[in-house]
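Architecture and fold: a report
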Amino acid sequence: MSTIAPIRLKAIKNALKYSAEANYYLAILISFIAAVMAMSGHESFLNTGDDFNNPLINNLKVMLAYMVVAQFSVFGFCFIKRSYTELVIVGIFLLLIPGELKFYAQINHLEIDTSFDVFFLYTGLSHIFYGLLWKR
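Before going into details, it helps to say that this report is about the structure given with it. (Residues numbered from 1 in each chain as written. Predicted model: local features only at pLDDT ≥ 70, side-chain atom pairs only at ≥ 80, totals over all residues. Heavy atoms only, no water.)

**Details of the pattern of salt bridges**
According to the stated counting rule, one finds 2 salt bridges in the structure shown. Note that Lys 81 and Glu 86 form a salt bridge whose closest N and O atoms lie 2.4 Å from each other. Among the ionic pairs, Asp 117 bridges to Lys 102, the shortest N-O distance being 3.5 Å. One end of the pair, Asp 117, is in helix 4 (residues 115–133); the other, Lys 102, is in helix 3 (residues 86–108), with 15 residues separating them in the sequence. For Lys 102, a relative accessible area of 52% corresponds to the exposed category. (Salt bridge = Lys/Arg side-chain N within 4 Å of Asp/Glu carboxyl O. Helix = DSSP H or I, 4+ residues; strand = E, 2+ residues; numbered from the N terminus. Buried < 20%, exposed > 50% of the residue type's maximum accessible area, 1.4 Å probe, protein only.)

Below is the structure:
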């Protein structure tokens, strides 16, 4: 019975690691899809407002594209380095973005969809969990 407990603990730990990894890849995929849809004008994922040609809304769309490029770059760096702790820092910055967006929207008198908050919360937490749980 004493040998079963360490085996179960290791299985739970491995399941948690691989779940965090799968969730992280899903978050990256969702980020990529959101950026592509926002840049192409499809607003079924994140609503960026009624005025598609508004330069301020276009800034948000470009920010999404830069964010995806940065996520891929950081992941590539972490993959080559074989250390994923930098993803925790990226996750913290992603968690801060909704507050920055609210400030940006307030200054520029924009309506920003509340799904941005959920999007960045999910993406940020995914980065943090993956960075903390997946240590090689």
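From this point on, the discussion continues.
**Focus on the side chain of Ser 31**
Structurally, Ser 31 can be placed in helix 1 (residues 4–40). When its relative accessible area of 0% is taken as the criterion, Ser 31 is described as buried. Excluding anything up to four places from it in sequence, Ser 31 contacts Met 67, Val 68, Gln 71, Phe 119 and Thr 123. (Contact = heavy atoms within 4.5 Å.)

**Looking at the packing of aromatic side chains**
Tallying each qualifying case throughout the model produces 11 aromatic pairs. Judged by centre distance (6.3 Å) and plane angle (25 degrees), the rings of Phe 116 and Phe 120 are stacked. Placement of the pair is Phe 116 and Phe 120 together in helix 4, with a separation of 4 residues, close to one helical turn. Among the residues examined, Phe 116 registers a relative accessible area of 1% and is labelled buried. By way of ring pairs, the aromatic residues Tyr 24, Tyr 25, Phe 75, Phe 79, Tyr 84 and Tyr 130 are connected into one cluster. Arg 82 extends its terminal NZ or CZ atom over the ring of Phe 79, reaching a point 4.8 Å from the ring centre. (Phe/Tyr/Trp six-rings, centres within 6.5 Å; stacked < 30°, edge-to-face > 60°. Lys NZ or Arg CZ within 6 Å of the ring centre and 35° of its normal.)

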